[in-house]
Amino acid sequence: MSTAPSGDERLRGWDWQRARLSAGELHFENPDGLSHALGDGFFFVDQPSHQDLSAGDRFARSFYLPAAGDPYRGYADRTAGQLGEHQGYYRREADQTEQFFLESRNWQAVYPPALVEQALGMRALALDILRAVLSHIDLPPSLWDEATGHSLAGQGTYTLTFNHFRPEVRARGLNVHKDSGWVTVLRSLEPGLEVHRDGGWYPIDPVPGTFIVNFGCAMEILTRHTRTPVAAVAHRVTEQPPVRPASGGDRFSYALFVDSSLDETACPGLFRYEPGVGLNLEMSFATFLSDILRNTYQEDTSGLY
């Protein structure tokens, strides 16, 4: 069994924590891997052996192209006006990215069937990871559903987001930000993702056969005063070069985001947990989400809180 790396070694980015999910539990390669992962805000998790990722990869490589009779192309004309707030195609001016966002309530109507199946599998994995992490925090299980905005009960906001990086655009890859919600399950095949730790930027390079998992602001806020606080680490994607390696095309990535319900009659907002006291309402989730998204994609701001 490998020994846990020192802080300096981990911050070099080549030895972040790795786990597999089995029977609802996260099993880390290092004995103290969970505590390091919660402090890092990131870890790698083995992809389920039965999960086929080809539909997501195909969509990520082609969603922005003209349709041409291909069900995985022609999504650049799907807008928020048609699909709902914060959804649809976005072509970023301050970043290299063009993106497609879609919440789970629209998956069946918009995505090809194979992609719907993959999205459901990624959501199930994300929720299992969230439950596994919560089981190690001094938050009573009776509060889990309310505390996480009913996301564990299937009433949260689940968004599958695709990123295509346009190497011909001279701009940052993707701006500095923290994710808004609980957990993110990211499919990334190429270098470029970096996290901010101790005043520096460090790479999270892909590990074959894994997803990258990171925690969002909602988890950080909820656990801030517990014995096991969870970090939501600022991250970014570096500018992609105009000349790509001969072995591949443009950089792409995609992620399943788990957020709280946007129905304020069911979920009034984001909570922090005070041990011995209970849940305290911190802020409106809808307002928080709008603010962090707006600040992420402007030229002179960052998506932090």
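What counts and how
Residues numbered from 1 in each chain as written. Predicted model: local features only at pLDDT ≥ 70, side-chain atom pairs only at ≥ 80, totals over all residues. Heavy atoms only, no water. 1 Å grid on protein atoms, 1.4 Å probe; cavity = no way out; pocket = protein on both sides within 12 Å on 5 of 7 lines; lining within 4 Å. Points joined across faces, edges and corners; volume = space filled by probe spheres on them. Helix = DSSP H or I, 4+ residues; strand = E, 2+ residues; numbered from the N terminus. Nonpolar A, V, L, I, M, F, W, Y, C, P; charged D, E, K, R; others polar. Core = buried A, V, L, I, M, F, W, Y, C linked by side-chain atoms within 4.5 Å. Buried < 20%, exposed > 50% of the residue type's maximum accessible area, 1.4 Å probe, protein only. Contact = heavy atoms within 4.5 Å. Lys, Arg positive; Asp, Glu negative; His and termini not counted. Salt bridge = Lys/Arg side-chain N within 4 Å of Asp/Glu carboxyl O. Polar contact = N/O pair within 3.5 Å; in protein donor to acceptor, adjacent residues only side chain to side chain.

Draft legend 1. Highlighting the layout of surface pockets. There is about 630 Å³ of room inside the largest pocket. Elements with a minimum of two residues in the lining of the largest pocket: β5 (97-103), β6 (157-165), β7 (174-177), β8 (183-188), β12 (235-237), β13 (252-259) and α9 (285-296). At 6 residues, the largest contribution of residues to the lining of the largest pocket is made by α9. The class makeup of the residues in the lining of the largest pocket is 14 nonpolar, 15 polar and 7 charged.

Draft legend 2. Up close: the nonpolar core. F43, F100, Y111 and L160 are the most contacted members of the largest nonpolar core, which has 65 residues in total. When residues in this core are grouped by element, the largest group, 12 residues, is from helix α6 (residues 113-134). Residues within four places of F100 in sequence aside, it is in contact with F59, F63, Y75, R78, L83, G88, Y89, V110, Y111, L160, T161 and F162. One finds F44, F101, I212 and A231 within the second-largest nonpolar core, a separate group that totals 17 residues.

Draft legend 3. Inspection of the side chain of D179 at higher detail. Mapped onto the secondary structure, D179 falls in the loop between β7 and β8. This buried residue, D179, is left without a salt bridge; K178 holds the nearest opposite charge, at 11 Å. At a separation of 3.5 Å, a polar atom in the side chain of D179 contacts the side chain of H177. Reaching out from D179, the side chain makes a polar contact with the side chain of T184 at a distance of 2.8 Å. Discounting chain neighbours no more than four positions away, the residues touching D179 are T184, N214, G216, C217, H235 and F257.

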